[in-house]
Amino acid sequence: MNNKSEVAQLRQQIALELDAMRRGLLGISSGSARHAFIHARMERIGTCQDTLASSIGEQAASQIVCVAYMQAMEQEAVL
């Protein structure tokens, strides 16, 4: 897999995890179930960020995750 392809796949995975996390925040579940769900998504995002950092550097990986996070959280909730 070439570097651009891997970076694109990781960016997509981060976006999907953030969308799932956002939906979890807006969902009807509460308490420890919600916390566990969101925590799992954050762990997966962290793993993707670490992999990205090894390809493009820490700062660029952090920038990608930060921008993706802001975009995901700004999306309107679809009910």
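Note that the coordinates shown come from a computational prediction; the quantities given were computed from them, not determined experimentally. (Residues numbered from 1 in each chain as written. Predicted model: local features only at pLDDT ≥ 70, side-chain atom pairs only at ≥ 80, totals over all residues. Heavy atoms only, no water.)

(A) Geometry of the overall build of the protein chain. Along its length, the protein chain carries three helices and zero strands. Secondary structure elements in the protein chain, listed N-terminal to C-terminal, are α-α-α. Counting only residues that meet the buried cut, the protein chain has 25% of its 79 residues in that class. Taking all contacts inside the protein chain whose residues are at least 6 apart in sequence as the whole, residues at least 24 apart take part in 61%. Accessible area of the protein chain: about 5500 Å², with a carbon and sulfur share of 55%. (Helix = DSSP H or I, 4+ residues; strand = E, 2+ residues; numbered from the N terminus. Buried < 20%, exposed > 50% of the residue type's maximum accessible area, 1.4 Å probe, protein only. Contact = heavy atoms within 4.5 Å. Areas by Shrake-Rupley, 256 points an atom, 1.4 Å probe, with all protein chains shown as cover.)

(B) Molecular detail of helix α3 (residues 58-74). Here α3 is 17 residues long and its end C-alpha atoms lie 24 Å apart, about the 24 Å a rise of 1.5 Å per residue gives. If you check which residues of α3 are buried, you get Ala61, Ile64, Val65, Ala68 and Ala72. The buried side chains of α3 occupy one side of the element, clustering within an arc of 90° when seen end-on. Facing away from the buried side of α3, by more than 90 degrees, are the exposed residues Gln59 and Glu74. Of the surrounding elements, those touching the buried residues of α3 are α1 (3-26) and α2 (31-56). (Expected span 1.5 Å × (residues − 1). Arc of directions from axis to C-beta.)

(C) Structural detail: the pattern of salt bridges. A full pass over the atoms with the stated rule returns four salt bridges. Close ionic contact of arginine 44 with glutamate 17 constitutes a salt bridge, the shortest N to O distance being 3.9 Å. Remark: glutamate 17 occurs in helix α1 and arginine 44 occurs in helix α2; sequence separation between them is 27 residues. A relative accessible area of 5% means that glutamate 17 is categorised as buried. The salt bridge partner of arginine 23 is aspartate 19, with a shortest N-O separation of 3.0 Å. Residue arginine 23 and its partner aspartate 19 are located together in helix α1, separated by four residues, close to a single helical turn. (Salt bridge = Lys/Arg side-chain N within 4 Å of Asp/Glu carboxyl O.)

No statement about biological role is implied by the geometric values presented.
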